[in-house]
Amino acid sequence: MRIFSGIQPTGSKHLGNYIGAITQYVAGQERGEALFCIVDLHATTMPYDPVELRRSLYDLTALLLAAGLDPKRCILFRQADVMEHTELCWLLCSVTELGRLQRMHQFRDKSTTQRELVSAGLLFYPVLQAADVLAYRATEVPVGEDQREHLELMRDVARRFNARFGGGDEVLVVPEHRIPEVGARIMDLQDPTKKMSTTGGSEQGTVYVLDEPKVIEKKFKSAVTDSGSEVRRAPEKPGVSNLIEILAAVRGVAPEAVEGELAGARYGELKAAVAAAVIDYLRPVAERYGDLRSDEAALESILADGAERARKIAGETLGDVRERMGVGARRAGRPS
Ligand code: TYM
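Residues numbered from 1 in each chain as written. Predicted model: local features only at pLDDT ≥ 70, side-chain atom pairs only at ≥ 80, totals over all residues. Heavy atoms only, no water.

Turning to its location among the elements, Lys218 is positioned in helix α8 (residues 213–221). For the pair Lys218 and Val51, spaced 167 residues apart in the sequence, the C-alpha separation amounts to 32 Å. (Helix = DSSP H or I, 4+ residues; strand = E, 2+ residues; numbered from the N terminus.)

As structure tokens, then:
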């Protein structure tokens, strides 16, 4: 089994990223050969500051290591260090339907809310994401719920490529997504009908992994709940449902267990319990982060080593893809 996932080095990472994705990465490195990519090229598709991008790339590298990624057990690297990603992106464009890209939710949402230039990069974002995964012939992609559409596109692109150029072979592997049962979509604490997010959410409703315990407590205390008083999940109770789900995820139990334990409790007690659990859950990460972040040379060397290992795998795939597509020089030893 080969596991691959990517994460953007933009803004501070929040509890949704942590529960929905990062904890799955850490578990993934125990289950198979795992690659995790910090996707700096994807971050250039929205307005950004180059100096800030470099800084937040190191922030994220330190955070992933603090969360438990171990360079001895996985390959952690920076996307732009492995040029095969951009080459494969271009090659995959030949089997990607333009209309499909224009209909993608992320493109529609981001292109309509953006006042500045809507870059072509935003439209091609999902093709680069497909290239990220397909370059490694990964079988499994751990992600949160919001990436489902990107995964579907990626699977279609792989199938189309194989049908058009594979000659009956599975040159590219069609990957499966791995979306967690609990915590796949953590919602904003102030507006629980919206997902927690660095770009679209509210500051007060977004819990950052590196928030101080006091700040975390305050954010949970002021979380929006719903009418009624019962601690149980229901479609008309998005605020309470979200808090139950967060508590279940950080404790590693089923949401039903939380509902059972807090049956008869008030909303205030639920909020206090979630705040305490999240503070305990994130505290060791923040501590390790402090130690790791200051040594940029060490972070750089981990990324460089990861890129070298990643390049070897991606290079082989690209060799096959080029050969099948008839681009570039023919590989030595191949019949004409
Ligand atoms: P990004 O950087 O926005 O998010 C990283 C991961 O966090 C998950 N996530 C959430 N999970 C639960 N609740 C939330 N509120 C929440 N918000 C974010 C995301 O689902 C994601 O798994 N396009 C990707 C990056 C990417 C990628 C890839 C992913 C580039 N190439 C290849 C997988 C495979 C993105 O923007 O993730």
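What follows continues from the structure just given.
This next bit is on the pattern of salt bridges. For the coordinates displayed, the defined rule picks out 31 salt bridges. In this structure, Arg78 engages Glu300 in a salt bridge whose closest nitrogen and oxygen atoms are separated by 2.5 Å. Of the two residues, Arg78 sits in strand β3 (residues 75–78) while Glu300 sits in helix α12 (residues 296–325), which places them 222 residues apart along the sequence. A relative accessible area of 10% means that Arg78 is categorised as buried. For Glu300, a relative accessible area of 25% translates into the label partly exposed. (Salt bridge = Lys/Arg side-chain N within 4 Å of Asp/Glu carboxyl O. Buried < 20%, exposed > 50% of the residue type's maximum accessible area, 1.4 Å probe, protein only.)

So, about the state of the cysteines. The full count for this structure, using the stated rule, is 0 disulfides. Cys74 takes part in no disulfide bond, and the closest cysteine sulfur to it belongs to Cys37, at a distance of 12 Å. For Cys89, which is in no disulfide, the shortest distance to another cysteine sulfur is to Cys93 and amounts to 4.9 Å. Accessibility expressed as a relative area gives 12% for Cys89, which makes it buried. (Disulfide = S-S within 2.5 Å.)

Moving on to the site of the ligand. Taken together, 27 residues sit near the ligand, with Gln8, Tyr125, Gln129, Asp132 and Asp146 positioned nearest. In the model, a nitrogen atom of the ligand is placed 2.7 Å from a nitrogen or oxygen of the Tyr125 side chain. In this structure, an oxygen atom belonging to the ligand sits 2.8 Å away from a main-chain N or O atom of Gly144. Computed on the free molecule, the ligand has an accessible area of 720 Å², of which 95% lies beneath the protein chains in the complex. (Near = heavy atom within 4 Å. Polar contact = N/O pair within 3.5 Å; in protein donor to acceptor, adjacent residues only side chain to side chain. Areas by Shrake-Rupley, 256 points an atom, 1.4 Å probe, with all protein chains shown as cover.)

Before going further, it helps to spend a moment on the packing of helix α2 (residues 50–67) against α12. Put simply, α2 and α12 touch, their axes get as near as 10 Å, and they point 80 degrees apart. By the angle between their axes, α2 is roughly perpendicular relative to α12. Contacts from Leu57, Tyr58, Thr61, Ala62 and Leu65 of α2 reach α12 at Glu296, Leu299, Glu300, Ile302 and Leu303. Taken together, the residues of the contact of α2 with α12 break down into 7 nonpolar, 1 polar and 2 charged. (Axes fitted to C-alpha atoms, helices over the stretch in contact; angles between N-to-C directions. Parallel < 35°, antiparallel > 145°, perpendicular 65-115°, else oblique. Contact = heavy atoms within 4.5 Å. Nonpolar A, V, L, I, M, F, W, Y, C, P; charged D, E, K, R; others polar.)

The subject of this paragraph is the domain arrangement of the protein chain. Entries for the protein chain in the domain assignment read domain 1 (2–183 + 296–325) and domain 2 (213–291). One C-alpha centre belongs to domain 1, the other to domain 2, and the line joining them spans 30 Å. Facing 12 residues of domain 1, the contacting portion of domain 2 comprises 13 residues. Between domain 1 and domain 2 lies a buried interface of about 980 Å² when both sides are counted; carbon and sulfur atoms form 75% of it. A per-residue breakdown of the area domain 1 buries against domain 2 is headed by Leu15, Ala66 and Val182, which together make up 50% of the total. The interface formed by domain 1 and domain 2 contains 0 salt bridges. Along the contact surface separating domain 1 from domain 2 lie 3 residue pairs in polar contact (both at pLDDT 80 or more). Counting only elements with at least two residues in the side of domain 1 that touches domain 2, the list comes to α1 (15–31) and α2. Per-element tally for the side of domain 1 that touches domain 2: the top contributor is α2, with 5 residues. Of the residues that constitute the side of domain 1 that touches domain 2, the class distribution is 8 nonpolar, 2 polar and 2 charged. (Domains from an automatic or database assignment. Buried area = accessible area lost by both parts, 1.4 Å probe.)

Our next topic: the packing of aromatic side chains. Per the stated rule, a full pass over the model turns up 6 aromatic pairs. A centroid spacing of 5.3 Å and a plane angle of 15 degrees characterise the contact between Phe4 and Tyr136, whose relative ring orientation is stacked. Taken together, the residues Phe4 in strand β1 (residues 2–7) and Tyr136 in the loop between α6 (120–134) and β4 (140–142) connect sequence positions 132 residues apart. Comparing Phe4 with Tyr136 shows no difference in burial state: the two are buried. One aromatic cluster in this structure is built from Phe4, Phe77 and Tyr136. (Phe/Tyr/Trp six-rings, centres within 6.5 Å; stacked < 30°, edge-to-face > 60°.)

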